[in-house]
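# Reading the structure
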Amino acid sequence: NQANKALFIIFGGTGDLAQRKLYPSLYRLYTKGFLKENFAVIGTARREWSDAHYQEVVRDSIHSLKVSDEHALEFSSHFYYQAHNVKDTEHYNTLKKLADQLDGKYQIDGNRIFYLSMSPTFFGTITKHLKSQNLVTENGFNRVIIEKPFGTDYESSKALNDEILEAFESDELYRIDHYLGKEMVQNILTFRFANPMIESVWNNHFISNMQITLSEELGVEERAEYYDKSGALRDMIQNHIMQIFSLLTMDAPKSLSTNEVRKQKMLVLSALKELTTETVQSDFVRGQYTRSLDNKLCGYREEEKVADDSTTETYVAGKLELNNERWNGVPVYIRTGKKLAKKEAQINIVFKQIESSLFSKGDTAPNILTIYLGPSEGFSITLNEKKIGLGMDTDIMQFDHLRTESMIQESPEAYEKLLLDCLNGDRTHFAHWEEVAASWKFVDKIRTTWDASTNKLATYPAGTAGPEAANNLLEKNGHKWIWNP
Ligand code: BG6
């Protein structure tokens, strides 16, 4: 593997994401040889930490990866800490000194990745200072990675985008949607376009409906302050679900290059049937969890830092439709929620049942293709066959291709892939501005309709499958959710 040269400057270096995802992912890249001698990391945050303490935190974060003490020490010796107030210009000068010094020490040749893992309210301030205080180098690459939430609606995300682009070029900006780094989400492209058998039936002649489910067992944990202002629509639909939706429905790109993939994703997003107040009311369901039936899990409004009368949705289900030749008449049902019965991310493609004089509809089951995105990973497909016996009765057969636990363990983590892509300058698996914008415009309509509506939120007891209204959404079209916890 080709070793990369880069200095990472992580804003939010003491944070949860850095410890849970970034340091383990950097470590994996290090063990695989994608990072060797010529890399260093500066962690910054407000609090005062010593390098020694920071390195200890980094070692703790990779502890579960079965590393030897010696290797962990070697890896963590590349980490440096600098207390930093993002609003203080003087602090950027200090940061620059350290960055230049490490650049020389590790012979990094000016390559810098600025990782903004903190509140987006600071993105503009940080990028402006990085530019004005010359942390941006002339001799190497300069790339900025930003975490969501990327704004709270189209207007705010546009303002944020414009602000960052005052200091950086658009191709230097990497907007993370970690779902795009997931093995099975990336597999959608391969599975669709490397298999003529699949791609040839991927249209409204054969498909009845599609379903995207991102069900979570966890609640809001320590993030209630953020979540209560966000809700499931902004937290999961605007980004992850809309990205999965575009990969599922787009036409074949001419190549797997960033531009070609983006072009197709944009085309399909622009074919989304525009929502009206009426269709939002009839085709979308929002819900909030209440205390669990066994009383063990509290309701959302009882969570710490959540208002007693909060109307934030912790669940959304809805129907998306496309106005194009391939997909006219095929609803794409989506749903996501917190504190549901089970963690499960999956896609179900339900094929039409063909009327035939040989078998009546009731004797055969629809063909269903399931793409397991996580925690299980793989595919399954159901077909009809002849039942063993003297007659001509039919039976359902199911082909499963599920990755084993150890395959999943060994496959690269989303953040690992995305960090490597960024090192390589590949933006294919990052969200592009046009996609982000289109998807905000779409969900903004839902948000404004809900905000203006006096309709009550649906509720569901924590630990269940979600509100009943989500079932009605499909039933009225003669469909039903394929996956049930
Ligand atoms: C994040 C959301 O983007 O995705 C979280 O902010 C959510 O609320 C998480 O829990 C789900 O990701 P994963 O990879 O655990 O399915």
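Placed above this text is the structure.
None of the values given here were measured: they were computed from a predicted structure.

All residues in the neighbourhood of the ligand are listed as Lys148, His178, Tyr179, Lys182, Glu216, Arg223, Asp235, Met236, His240, Lys338 and Lys343. Contact distances for the ligand include 2.5 Å between an oxygen atom and a side-chain N or O atom of Glu216. Here an oxygen atom of the ligand sits 2.8 Å away from a polar atom, N or O, in the side chain of Arg223. Relative to its unbound accessible surface of 400 Å², the ligand loses 79% to contact with the protein. Grouping the amino acids of the shell around the ligand by side-chain chemistry returns two nonpolar, two polar and seven charged.

Okay, the environment of His84 next. Inspection of the secondary structure puts His84 in the loop between β3 (79-83) and α4 (89-105). The exposure class of His84 is buried, given its relative accessible area of 4%. Here the alpha-carbon distance between His84 and Gly43, two residues 41 residues apart in the chain, equals 9.3 Å. Here His84 is in contact with Phe11, Thr44, Ala45, Arg46, His91, Tyr92 and Leu95, once residues within four sequence places are set aside.

Strand order in this open sheet of nine strands is β14-β13-β12-β11-β7-β10-β9-β8-β15, and the pairing throughout is mixed. Unpaired on one side and paired on the other, β14 (394-402) and β15 (458-461) mark the two borders of the sheet. Neighbour-to-neighbour, the strand axes of the sheet open up by a mean angle of 15°, direction not taken into account. When strand β13 (residues 378-386) meets β14, the two strands line up antiparallel, connected through nine bridges. Across the sheet, Asn384 pairs through a bridge with Ile396, a residue of β14.

Here the focus is the sheet that holds strand β5 (residues 142-146). Pairing is parallel in the open sheet, where six strands are placed in the order β3-β2-β1-β4-β5-β6. Unpaired on one side and paired on the other, β3 and β6 (173-175) mark the two borders of the sheet. Here the strands of the sheet are splayed against their neighbours by 20° on average, with no regard to which way each runs. Pairing of strand β4 (residues 112-116) with β5, which is carried by five bridges, proceeds in the parallel orientation. Paired with Leu116 across the two strands is Ile146, which belongs to β5.

The next subject is the environment of Phe351. Assignment of secondary structure puts Phe351 in strand β11 (residues 344-351). Here Phe351 falls in the buried class, since its relative accessible area comes to 13%. For the pair formed by Phe351 and Met210, sequence separation is 141 residues and the distance between their alpha carbons is 8.7 Å. Look past the residues within four positions of Phe351 in its chain and what remains in contact with it is Val201, Phe206, Ile207, Ser208, Pro366, Asn367, Ile368 and Leu369.

What counts as what
- Residues numbered from 1 in each chain as written.
- Predicted model: local features only at pLDDT ≥ 70, side-chain atom pairs only at ≥ 80, totals over all residues.
- Heavy atoms only, no water.
- Near = heavy atom within 4 Å.
- Polar contact = N/O pair within 3.5 Å; in protein donor to acceptor, adjacent residues only side chain to side chain.
- Areas by Shrake-Rupley, 256 points an atom, 1.4 Å probe, with all protein chains shown as cover.
- Nonpolar A, V, L, I, M, F, W, Y, C, P; charged D, E, K, R; others polar.
- Helix = DSSP H or I, 4+ residues; strand = E, 2+ residues; numbered from the N terminus.
- Buried < 20%, exposed > 50% of the residue type's maximum accessible area, 1.4 Å probe, protein only.
- Contact = heavy atoms within 4.5 Å.
- Pairing = 2+ DSSP bridges.
- Axes fitted to C-alpha atoms, helices over the stretch in contact; angles between N-to-C directions.

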